[in-house]
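# Working through the structure, step by step
Chain residues, written in single-letter form:
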Amino acid sequence: MTEDLAAVSGDGPAPLWARAADRIREEIARRSLGPGSRLPAERELCARLDVSRVTLRRALSHLVDLGLVTASHGRGWFVAAPAPVAPARDWPQHLESFTATARRKHMRPGSVVLRNALAGATLDEAERLGVVAGTPLLHLERVRTLNDVRVALDHTLLVADLAPDLPGVDFTHASLYEEVRRWGVEPYRAEATIEARTADEELAGHLAVAPGAPVLVLDQLVLTRDDRPVLLSTVRYSGDRYRLRTTLKTD
């Protein structure tokens, strides 16, 4: 790990241990440290991050829970082996939410909410959603997890008037599809494209992968049965932790 690891400030909404964990995770990804790579000694990490040993150990324990770090008694802390690939998702035979897919596969879905706020629609966003430019849109950005392993970064736009209370919902565990259904909005079909790209530094940090790692980008416009646009979403899946599967038939 690099010698210029910045100290973690005590200011900000996230607990100190959580910010320390994020800095360690980002450094692992930035330095492309592979499985088995040894982290610096605890004393050195405490000095670099300007945290106590108690805070550091809580941060490292959190990374163990995420499957990113492992401890070896008497030897120190090491980068863990990659998490198993998540079960393939059937695609595009039916439309279902990330939460529904995870539950169907007997996995535990979760999210790290990065943004849940309103902003006016740009011209492009307004055109795709069939609204006037400037119309309030909910911007919901989440790191999606399966069994606490980060697998995707999801950025969704929703016309705010369709479900006015969503800015107050805690989407750490809540399903967006279930929330909009409370307001009588039923997602029915999606117009989707998927393509292969590579992770930039920001995305790599969110997914705990190395910059340049492969990602699958799913862009979709979700509509109701009467073809009314409901939401726009762009989901960037970690290429080594998520697969999409489909069945092909002849006519």
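Right above here is the structure, for reference.
Residues numbered from 1 in each chain as written. Predicted model: local features only at pLDDT ≥ 70, side-chain atom pairs only at ≥ 80, totals over all residues. Heavy atoms only, no water.

### Brief notes about the pairing of strand β6 (residues 149-159)
Judged by how many residues are buried, β6 sits mostly within the fold: 10 of 11 residues are covered. Summarising the sheet, strand β5 (residues 136-146) and β6 pair through 10 bridges and their orientation is antiparallel. For T145, the partnering residue across the bridge sits in β6 and is R150. The loop that links β5 with its antiparallel partner β6 comprises 2 residues; one of these, N147, has a positive phi angle of about 50 degrees. Where β6 meets strand β9 (residues 229-238), 7 bridges bridge the pair, whose relative direction is antiparallel. By the bridge assignment for β9, A152 is matched with Y237. (Buried < 20%, exposed > 50% of the residue type's maximum accessible area, 1.4 Å probe, protein only. Helix = DSSP H or I, 4+ residues; strand = E, 2+ residues; numbered from the N terminus. Pairing = 2+ DSSP bridges.)

### A closer look at the layout of surface pockets
A volume near 630 Å³ is recorded for the largest pocket. Forming the boundary of the largest pocket are 25 residues, of which A18, D22, H62, V112 and R150 lie nearest the centre. For the lining of the largest pocket, the secondary-structure elements that each account for two or more residues are α1 (16-30), β4 (109-120) and β5. Of the residues belonging to the lining of the largest pocket, the class tally is 12 nonpolar, 7 polar and 6 charged. (1 Å grid on protein atoms, 1.4 Å probe; cavity = no way out; pocket = protein on both sides within 12 Å on 5 of 7 lines; lining within 4 Å. Points joined across faces, edges and corners; volume = space filled by probe spheres on them. Nonpolar A, V, L, I, M, F, W, Y, C, P; charged D, E, K, R; others polar.)

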